[in-house]
Amino acid sequence: MAVEIIMPKLGVDMQEGEIIEWKKQEGDTVQEGDVLLEIMSDKTNMEIEAEDAGVLLKIIRPAGDTVPVTEVIGYIGAEGESVDTIASSEKTTEIPAPNSADAAPTVAPKEVVERPQVAVAHTAIPSGDGSKVRATPAARKLAKEQGLDLSQVAGTGPKGRVHKEDIENFNNAQPKASPLARKMAEVEGIDLASIKGTGFNGKVMKEDILLVMNANKAVQEPAKATEPKEDKPKAELPEGVEVIKMSAMRKAISKGMTNSYLTAPTFTLNYDIDMTEMMALRKKLIDPIMEKTGLKVSFTDLIGMAVVKTLMKPEHSYMNASLINDAQEIELHKFVNIGIAVGLDEGLIVPVVHNADKMTLADFVVASKDVIKKAQAGKLKSAEMSGSTFSITNLGMFGTKTFNPIINQPNSAILGVGATIPTPTVVDGEIVARPIMAMCLTIDHRLVDGMNGAKFMVDLKNLMENPFGLLI
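Thresholds applied
- Residues numbered from 1 in each chain as written.
- Predicted model: local features only at pLDDT ≥ 70, side-chain atom pairs only at ≥ 80, totals over all residues.
- Heavy atoms only, no water.
- Phe/Tyr/Trp six-rings, centres within 6.5 Å; stacked < 30°, edge-to-face > 60°.
- Helix = DSSP H or I, 4+ residues; strand = E, 2+ residues; numbered from the N terminus.
- Buried < 20%, exposed > 50% of the residue type's maximum accessible area, 1.4 Å probe, protein only.
- Expected span 1.5 Å × (residues − 1).

For the structure on display, the rule yields one aromatic pair. Geometrically, the ring pair formed by Phe390 and Phe456 is tilted, given 6.0 Å between the ring centres and 45° between the ring planes. Of the two residues, Phe390 sits in strand β16 (residues 390-394) while Phe456 sits in helix α11 (residues 450-465), which places them 66 residues apart along the sequence. Taking relative accessible area as the criterion, Phe390 reaches 0% and is therefore assigned buried. Judged by relative accessible area, which is 0%, Phe456 ranks as buried.

Another aspect to go through is the environment of Ala138. As for its placement among the helices and strands, Ala138 is situated in helix α3 (residues 137-146). The partly exposed category is assigned to Ala138, whose relative accessible area is 40%. It is 7.3 Å that separates the C-alpha atoms of Ala138 and His163, two residues lying 25 residues apart in sequence.

Across its 13 residues, helix α9 (residues 299-311) extends 18 Å between first and last C-alpha, which sits within 8% of the 18 Å expected from 1.5 Å per residue. Within α9, the full set of buried residues consists of Asp301, Leu302, Ile303, Gly304, Met305, Ala306, Val307, Val308, Thr310 and Leu311.

Further remarks concern unusual backbone geometry. Note the cis peptide between Gln409 and Pro410, where omega equals 5°. Note that Pro410 resides in the loop between β16 and β17 (413-427). With a phi angle near 55°, Asp326 is a residue other than glycine that sits in the positive phi range. Locating Asp326 in the fold gives a position in the loop between β10 (321-324) and β11 (329-332). You can call Asp326 exposed: its relative accessible area is 73%. Look at Asp428: it is not a glycine, yet its phi comes out positive at around 55°. Along the chain, the position of Asp428 falls in the loop between β17 and β18 (430-444). Residue Asp428 is classed as exposed on the basis of its relative accessible area, which comes to 79%.

Quick look at the structure:
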């Protein structure tokens, strides 16, 4: 029988995903673990693997579509198998929501009563990889192969250590369910063991999950009679106007920037940095760094290292902090994870260089180039986009002199880098042209006051204008 391919829920907040590309086409043979398609969730590209072997019978949602989580996007089955009847039967068995005006029950009330009303969990479903669970190598390998979270398995070994037999027993004890039913139950927090399945040998099907979901909704939200809405004709657009859907990435940027702007009271400090010595140092470092890493050191690398060293001073700990628990507590970081904003055609993305405080300049060059390259290719992993403690955004290459960057929450600040412009400057009583870079520091006023932000910028300016301290 054909198996449904669904849009997976890859995170607690994920509501939909955009299909970027199908790696397999209809009629292609598929092995379990083969990459079927690539999707974008928020700002992360993910490759989705096949959970079953067979033939890709049908693609329901093509590349470019934005699809809600758990919705069917394709089918895998035996060669020659038809899925048209499956798709049509799914449409006829779909149960309308209880608050719909024409929501006549499709099953007898007795059947609904016999099925337990399982409450939807209000806590996030565990999504860890079980890396902190005590387990034997064989158990860990089997769990990884089956995509199982080890934290869900009770270990029988010493101190709760999970053995391979525990994994096998856990799988045998699990109720039988179709892949879609299992995904839906996981998303909604429904206990599969409490449902009597209507499929072959008691297998829990999609319709069984829908019954429980609608029964719960009926208890929580009494049905309201509403008049059927008439379809309104779409308004004609003026000539030369086009309406397009917002991409998943654009939605994520919109949500994040709105949240940051409306949540954090901010102010921006603007400073001029004399880049004379920094430019001279970079010129001296290009060849040795290239020889060691095969990469060219950039001004962003040097600025990044200067920021790291300044942040690690104890007096600037609040610049490297985050507000947590509804802004009731402050999380001080004893390390620096630098986020580096990268502009793509589709939108802005912020890859992260983790543990930058433990890196040499050569290490930082390699790490920053690596995550920036992945960002530009759309190959970043979730971990490479999260966990920043401070961020840098550079618009200098576009000739931008100054701007007010928006904080990448939950960071307490973000540094904006402007253009370096030859500027008349008084040096030793004489007017000379010096390369002056504009820097703009936006700060969350809930965490950092103006005086402390200014002290940070004075130290950063001093290090950048005397950059040999970067090598010490």
